[in-house]
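Residues per chain, in single letters:
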Amino acid sequence: MADRISAKGVTPDDDFGNDALDLIEITGVIKWFDVAKGFGFIVPDNGMQDVLVHVTCLRRDGYQTVLEGARVVALIQKRDRGYQAFRILSMDQSTAIHPSQLPPVKTHVQVTPTSGLERCLVKWFNRTKGFGFLTRGDGTEDIFIHMETLRRFGLTELRPGQTVLVRFGDGDKGLMAAEIHPDVPAPTGRAH
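Thresholds applied
- Residues numbered from 1 in each chain as written.
- Predicted model: local features only at pLDDT ≥ 70, side-chain atom pairs only at ≥ 80, totals over all residues.
- Heavy atoms only, no water.
- Helix = DSSP H or I, 4+ residues; strand = E, 2+ residues; numbered from the N terminus.
- Buried < 20%, exposed > 50% of the residue type's maximum accessible area, 1.4 Å probe, protein only.
- Contact = heavy atoms within 4.5 Å.
- Areas by Shrake-Rupley, 256 points an atom, 1.4 Å probe, with all protein chains shown as cover.
- Phe/Tyr/Trp six-rings, centres within 6.5 Å; stacked < 30°, edge-to-face > 60°.
- Lys NZ or Arg CZ within 6 Å of the ring centre and 35° of its normal.
- Pairing = 2+ DSSP bridges.
- Axes fitted to C-alpha atoms, helices over the stretch in contact; angles between N-to-C directions.
- Core = buried A, V, L, I, M, F, W, Y, C linked by side-chain atoms within 4.5 Å.
- Salt bridge = Lys/Arg side-chain N within 4 Å of Asp/Glu carboxyl O.

Undergrad: So what about the overall build of the protein? Which residues, and what values?
TA: Along the backbone of the protein there are two helices and eleven strands. Scanning the protein from its N terminus toward the C terminus, one meets helices and strands in the order β-β-β-β-α-β-β-β-β-β-α-β-β. Taken across its 192 residues, the protein has 39% of its residues classed as buried. Contacts in the protein between residues at least 24 apart in sequence constitute 57% of all its contacts with a sequence separation of at least 6. Here the protein displays about 11,600 Å² of accessible surface, and carbon together with sulfur accounts for 50% of that area.

In structure tokens:
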């Protein structure tokens, strides 16, 4: 049975109106989380219905995202449409499945990479349309990038001028990204 607890740690900035909070502590596993849509669901261990978890709840508690299969301890509350996570008390990602290990998505064509990992610039990317283009520089063919590829590798968006690391291959209409990672600069040595 779930434990009912007080709303300890709730601040005036929390967007829950003036209603008294009736919070329940649960443990469970992340069923799925869509970084682009900003929400997902927890399957509680106690057999309760799935619990909505929103990205604002994650960020408020210090998490940017959560991977499928991660174990969580959360405070939840009953809302108009069902239960929703109010606080994430702890998260264990050791059981999580990275998006790149999930089965291939069926919503767009995937390509087998034929390149090594290359540094590219984002020419443009439109989240609403779900795609964009990357470039390796002047005189090179553009590389198509689909939103589903970003999701598989845990990214939510791309900004023009941003550098990324990409493996790509030949698609039906030209080069297409098969894998994408943030370009994290190597640490530089500091003089002492």
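Undergrad: Outline the packing of aromatic side chains, listing residues and values.
TA: Under the counting rule described, the total for this entry stands at eight aromatic pairs. Plain terms: the ring middles of Trp 124 and Phe 133 are 5.6 Å apart, the flat faces sit at 55 degrees to each other, and that makes the pair tilted. Phe 133 sits in the partly exposed class, given a relative accessible area of 24%. Each member of the aromatic cluster is reached from another via a ring pair, and the members are Trp 124, Phe 131, Phe 133 and Phe 144. One cation-aromatic arrangement involves Arg 60 over Phe 86; the distance from NZ or CZ to the ring centre is 5.5 Å.

Undergrad: Account for the pairing of strand β11 (residues 174-182), with residues named and values stated.
TA: Of all nine residues making up β11, seven are buried, and the element is well covered by its neighbours. In the sheet, strand β10 (residues 163-171) pairs with β11 via eight bridges, with the strands oriented antiparallel. When the sheet's bridge partners are listed, Val 166 is paired in β11 with Ile 180. The antiparallel hairpin formed by β10 and β11 contains two residues in its connecting segment.

Undergrad: Provide a residue-level description of the pairing of strand β2 (residues 23-34), including the pertinent values.
TA: Bridging between β2 and strand β5 (residues 71-79) involves seven bridges; their strand directions are antiparallel. By the bridge assignment, Ile 24 is partnered in β5 with Ile 76. When β2 meets strand β3 (residues 39-44), the two strands line up antiparallel, connected through six bridges. Paired with Trp 32 across the two strands is Phe 41, which belongs to β3. Connecting β2 to the antiparallel partner β3 that follows it, the hairpin turn spans four residues, and Gly 38 within it adopts a positive phi of roughly 85 degrees.

Undergrad: Can you explain the environment of Gly 47? Please cite residues and give values.
TA: Along the polypeptide, Gly 47 turns up in the loop between β3 and β4 (51-54). Take Gly 47: its relative accessible area is 63%, and that puts it in the exposed class. Remark: the alpha-carbon pair of Gly 47 and Gly 28, spanning 19 residues in sequence, is separated by 9.5 Å.

Undergrad: So what's going on with the sheet that holds strand β9 (residues 143-146)? Which residues, and what values?
TA: Taken in spatial order, the five strands of this closed barrel run β7-β8-β9-β11-β10, and their pairing is mixed. Pairs of neighbouring strands in the sheet enclose a mean axial angle of 50 degrees, with direction left out of account.

Undergrad: Describe the nonpolar core, listing the residues and the values that go with them.
TA: Judged by nonpolar contacts, the single largest core of 21 residues is most densely connected at Phe 33, Ile 42 and Ile 88. At the level of elements, β2, β4, α1 (55-60), β5 and β6 (82-92) are the ones that each hand at least two residues to this core. Among residues more than four places away in sequence, those in contact with Ile 42 are Ile 26, Gly 28, Val 29, Ile 30, Lys 31, Asp 50, Val 51, Val 53, Val 72, Ala 74 and Ala 85. With 18 residues, the next largest nonpolar core counts Ile 145, Phe 153, Leu 175 and Ile 180 among its residues.

Undergrad: Quick rundown of the pattern of salt bridges? Include the residues and the values.
TA: Pairing between side chains of opposite charge can happen when their charged atoms approach one another. Under the defined criterion, the tally for this structure stands at seven salt bridges. One salt bridge connects Arg 87 with Asp 61, and the closest N-O pair in it is separated by 3.6 Å. With Arg 87 in strand β6 and Asp 61 in the loop between α1 and β5, this residue pair connects regions lying 26 residues apart in the sequence. Arg 151 is paired through a salt bridge with Glu 148; the nearest N and O atoms lie 2.6 Å apart. Of this pair, Arg 151 and Glu 148 both sit in helix α2 (residues 147-152), separated by three residues, roughly a single helical turn. On the basis of relative accessible area, Arg 151 is assigned to the partly exposed category, the value being 23%. On the accessibility criterion, Glu 148 (13% relative accessible area) is buried.

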